[in-house]
Amino acid sequence: QVQLVESGGGLVQPGGSLRLSCAASGSIFKILPMAWYRQAPGKQRELVATITSGGSTRYVDSVKGRFTISRDSAKNTVYLQMNSLKPEDTAVYYCNKDPPTREYWGQGTQVTVSS
């Protein structure tokens, strides 16, 4: 069964860092463009960062220079390194393919940035 499991979220102070992980079951994810998405309370889910199978990346303007998406094909895992976190980064973070597929949405991981 194809599955994506996010982890690494938590409570962090403004200016802090977190590293999210997305473990994928199923070798198909090694060749798919992957992405991180987030959904803040009362808002629609938004695309945060994407990475192709070749390693090309794109970011939403609000996280450029602070977040880094990467992937380890050997481990079938996608990462999101988040630095200089701001309260507005508070959200549930999800990974999925790019574009997303409904059946691949997982539970997400909560990131809360607060002092």
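Throughout, a residue's number is its position along its own chain's written sequence, starting from 1. Local features in a predicted model are, by the rule used here, given only for residues with pLDDT of at least 70; side-chain atom pairs are given and counted only at 80 or more, and totals for whole chains, interfaces and linings are based on all residues. Hydrogen atoms and water are omitted, and side-chain values are computed over all heavy atoms in the structure.

Participant: Please clarify how the packing of aromatic side chains should be interpreted in this entry.
Facilitator: In this description, a pair of aromatic rings is defined by centroid distance and the angle of the planes. Stacked, tilted and edge-to-face are the three classes applied to pairs of Phe, Tyr and Trp rings, where Trp contributes its six-membered ring and a pair requires centres within 6.5 Å; stacked means planes under 30 degrees apart, edge-to-face means over 60, and tilted covers the rest. For the coordinates displayed, the defined rule picks out three aromatic pairs. Three or more aromatic residues joined by ring pairs make a cluster, and in this case those are Tyr 37, Tyr 94 and Trp 105. Charge over a ring is defined by NZ of Lys or CZ of Arg lying within 6 Å of the ring centre and within 35 degrees of the ring normal. Its guanidinium or amino end placed over the ring of Tyr 94, Arg 45 lies 4.5 Å from that ring's centre, counting from NZ or CZ. Against the face of Trp 105 rests Arg 45, its NZ or CZ located 3.7 Å from the ring centre.

Participant: Mind showing me how you'd approach the sheet that holds strand S4 (residues 34-39) here?
Facilitator: Pairing between the strands of a sheet is mediated by backbone hydrogen bonds and can be parallel or antiparallel. Taken in spatial order, the six strands make up an open sheet running S2-S10-S9-S4-S5-S6, and their pairing is mixed. In the strand order of this sheet, the two ends are held by strand S2 (10-12) and strand S6 (57-59), each with one partner. With direction set aside, neighbouring strand axes in the sheet form an average angle of 25 degrees. Each pair of strands is called paired provided DSSP finds at least two bridges between the two strands. In DSSP terms, a helix is any run of H or I states spanning at least four residues, a strand is any run of E spanning at least two, and both are numbered starting from the N terminus. Bridge analysis of S4 against strand S5 (residues 46-51) gives five bridges, and the strand direction is antiparallel. By the bridge assignment for S5, Tyr 37 is matched with Leu 47. All axes are obtained by fitting lines to C-alpha atoms, using only the stretch in contact for helices, and the reported angles, taken between N-to-C directions, cover 0 to 180 degrees.

Participant: Help me understand the nonpolar core, please; the structure alone is not making it clear to me.
Facilitator: The biggest cluster of nonpolar side chains holds 27 residues, and the ones touching the most others in it are Leu 4, Trp 36, Phe 67, Leu 80, Met 82 and Tyr 93. If you list the elements that add at least two residues to this core, you get strand S3 (18-25), S4, S5, strand S7 (67-72), strand S8 (77-82), strand S9 (91-97) and strand S10 (109-113). The element that contributes the greatest number of residues to this core is S3, accounting for four residues. By nonpolar core we mean a set of buried residues, namely Ala, Val, Leu, Ile, Met, Phe, Trp, Tyr and Cys, connected to one another through side-chain atoms within 4.5 Å. Relative accessibility thresholds used throughout: buried, under 20% of the residue-type maximum; exposed, over 50%; partly exposed, between the two (1.4 Å probe, protein chains only).

Participant: Quick question: what am I supposed to make of the sheet that holds S3 here?
Facilitator: An order of S1-S3-S8-S7 is seen for the four strands of this open sheet, with the pairing classed as antiparallel. Both outer strands of the open sheet, strand S1 (3-7) and S7, are each paired with one neighbouring strand and no more. Recorded for the sheet is a direction-independent mean angle of 15 degrees between the axes of neighbouring strands. Two strands pair when backbone bridges link them, and S3 and S8 are joined in this way by six bridges, in the antiparallel orientation. Considered in S8, the bridge of Ser 21 is made with Tyr 79.

Participant: Would you take a moment to explain a nonpolar patch on the surface for this structure?
Facilitator: A cluster of nonpolar side chains, Val 2, Ile 28 and Ile 31, forms an exposed patch at the surface whose accessible area comes to about 250 Å². Mapping Val 2 onto the fold places it in the segment before S1. Exposure above 30% relative accessible area and the lack of any salt bridge qualify a residue for a patch; like charges then connect within 9 Å, and the nonpolar side chains Val, Leu, Ile, Met, Phe, Trp and Tyr within 5 Å. Every accessible area reported is derived by Shrake-Rupley at a probe size of 1.4 Å, with residue values counting cover from the shown protein chains alone. What makes a salt bridge here is a side-chain nitrogen of Lys or Arg within 4 Å of a carboxyl oxygen of Asp or Glu, nothing more.

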